[in-house]
Amino acid sequence: MNTAGHSEATARRGLELTPFRGLRYDPERVGSLASVTSPPYDVVVRPDGVHHLQSADPHNIVRLILPQAGTSSARTEQAADTLRRWLDEGILTVEPEPCLYVYEQRDGNGMLQRGVIGALRVSEPEEGLVLPHEDVMPPVVADRAALMRATRANLEPLLLTYRGNGTAAEVVERTASLPPLLATTTEDGYQHTLWSVTDPVDMALVQSELARHQALIADGHHRWATYLRLRAEHPSPSPWDHGLVLLVDTVRYPLRVRAIHRLLHGLPVADALAAVDGLFRVRRLDTAQPEALAALADASCEGNAFLLAGDGGYHLLSHPDPALLARTIPADRPAAWRSLDATVLHSTLLEHVWHIPEDSPAHIAYIHDTAATVEKAERDGGTAVLMHPVREEVVRQLARQGVTMPRKSTSFGPKPASGLVLRALEI
């Protein structure tokens, strides 16, 4: 095979976004559109967030994306039964014709994000079209795959970014000047607006530009890995050849990049600090959370740094012992990867200093919200490890090299709300 020619052909093929007949809530059958939406499944802090969302409306999407039952099989069966019932009862309705969607998010501080929702062809990693930047946890992929098999649906869009600023953005902005399909404001203050794109010319313009680009997975690594698994299970062509995504042009609409924090169950702050004595510089900060995070940001400019919390105060860890890093961090990876805070946290602190398995929910939780991480640590007697975010350029640089970052290294946002549009595979 002519490898160079094959690579060029693959690159020319690019991203393939397809219109689909979306499933959407009938506004007349639910309390409000805001009350049936949810953050993505992995952002909902269980069980508090699940219970809150379930009580918001009996038809909240969390009943599909995080069904509550005693066993894995019972959970997936429950989600499938719920989806079928909502379709039969007209709670969810099917779009009359295939379309793409323009999706807009705004907050009260001037943030504006717009992108296109569609069914993206699931491409293999060697094609280099959809770039992951984080590893995934196999149990989570297995859980999402079981849920998608049972419901035969893509319940939430992944968040992908690309660097375009061309004709697709013009279609997005022109569409956003028209009357929307729906508009709602969720309790976090974000305004969500959705439009359909049905004009063949506009759809072709979007598809033509995307065909010249590759995308970075900003949020949804486990769901993309699930798409790949399910596509491999079903002979092509099949509906599993595509998966639901939101594509955002970050030239026009830059995303925010935030850290994902760690909550270490069963490790009191005093024990965590004792273990790093002599290995890191440790400084107690008798300040409020904003000032402590500012100190973390300053320290991160000079090297690896973390904030520990959970005992009523904040402890800044910085200046790790170079000999410790040399001993614990794999030397066969790019320098940009070896210097990541997440790499030092997982390879050095979790594995060698604190001896905590990174994929055990009994030992560690990954939480996006800073205040919630600290509150849970203080309540449960554990340790909150607060991280400073990685810049998007670093993430993209590593992804293009085929280098994945440690799990849950970044949080791109704002993330699309779940529940505004779903994709059923058999419609």
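Residues numbered from 1 in each chain as written. Predicted model: local features only at pLDDT ≥ 70, side-chain atom pairs only at ≥ 80, totals over all residues. Heavy atoms only, no water.

> Just to check I follow, could you spell out the overall build of the protein chain for this structure?
Tallying secondary structure elements over the protein chain gives 16 helices and 21 strands in all. Computed over C-alpha atoms, the radius of gyration of the protein chain comes to 22 Å, within 12% of the 22 Å expected from 2.2 N^0.38 for 427 residues, which places it in the range of a compact globule. The C-alpha extent of the protein chain, read off along each of the three principal axes, is 65 × 55 × 40 Å. When the 427 residues of the protein chain are sorted by exposure, 55% land in the buried category. When contacts within the protein chain are restricted to residue pairs at least 6 apart in sequence, those whose partners lie at least 24 apart make up 79%. Carbon and sulfur atoms form 52% of the exposed surface of the protein chain, whose accessible area is close to 18,000 Å². Charge-centre separation for the protein chain: the mean point of 41 positive side chains lies 3 Å from the mean point of 53 negative side chains. (Helix = DSSP H or I, 4+ residues; strand = E, 2+ residues; numbered from the N terminus. Rg over C-alpha atoms; globule rule 2.2 N^0.38 Å. Buried < 20%, exposed > 50% of the residue type's maximum accessible area, 1.4 Å probe, protein only. Contact = heavy atoms within 4.5 Å. Areas by Shrake-Rupley, 256 points an atom, 1.4 Å probe, with all protein chains shown as cover. Lys, Arg positive; Asp, Glu negative; His and termini not counted. Charge placed at Lys NZ, Arg CZ, Asp CG, Glu CD.)

> How do you make sense of the side chain of aspartate 241 when you look at a structure like this?
Within the fold, aspartate 241 resides in the loop between helix H9 (221-233) and strand E12 (242-249). Relative accessible area serves as the criterion here: at 9%, aspartate 241 is assigned to the buried category.

> It is not clear to me how the sheet that holds strand E19 (residues 383-386) should be interpreted in this structure. Could you clarify?
Hydrogen bonding along the main chain pairs the strands of a sheet, whether they run parallel or antiparallel. In space, the 6 strands of this open sheet follow the order E15-E17-E16-E19-E14-E18, with antiparallel pairing throughout. Bordering the open sheet on either side are strand E15 (281-285) and strand E18 (364-367), each of which pairs with just one other strand. When the angles between neighbouring strand axes are averaged without regard to direction, this sheet yields 25°. In the packing of helix H11 (residues 289-300) onto the sheet, the strands contacted are E15, strand E16 (305-309), strand E17 (314-318) and E19, and the crossing angle to E16 comes to about 155°. Sitting on the sheet, helix H14 (residues 341-353) touches strand E14 (261-264), E16, E18 and E19, and the angle it makes with E16 is about 60°. (Pairing = 2+ DSSP bridges. Axes fitted to C-alpha atoms, helices over the stretch in contact; angles between N-to-C directions.)

> Please explain empty space enclosed by the protein as it appears in this structure.
The probe, sized like a water molecule, is rolled over the atoms to show the empty space still left. Counted by the stated rule, this structure contains 3 cavities of 30 Å³ or more. In this model, the largest cavity occupies a volume close to 110 Å³. Together, 13 residues line the largest cavity, and Asp42, Asp219, Gly220, His221 and Lys408 are the ones closest to its centre. Mapped onto the lining of the largest cavity, the elements with two or more residues apiece are strand E11 (215-219) and H9. At 3 residues, H9 tops the list of elements feeding residues into the lining of the largest cavity. Taken together, the residues that form the lining of the largest cavity break down as 3 nonpolar, 5 polar and 5 charged. The calculated volume of the second largest cavity comes to roughly 70 Å³. Around the second largest cavity sit Ile65, Arg144, Leu147, Met148, Asn154, Leu155, Glu156, Arg223 and Tyr227, which together line it. Of all the secondary-structure elements, those providing two or more residues to the lining of the second largest cavity are helix H6 (138-151) and H9. The element best represented in the lining of the second largest cavity is H6, accounting for 3 residues. Considering only residue class, the lining of the second largest cavity consists of 5 nonpolar, 1 polar and 3 charged. (1 Å grid on protein atoms, 1.4 Å probe; cavity = no way out; pocket = protein on both sides within 12 Å on 5 of 7 lines; lining within 4 Å. Points joined across faces, edges and corners; volume = space filled by probe spheres on them. Nonpolar A, V, L, I, M, F, W, Y, C, P; charged D, E, K, R; others polar.)

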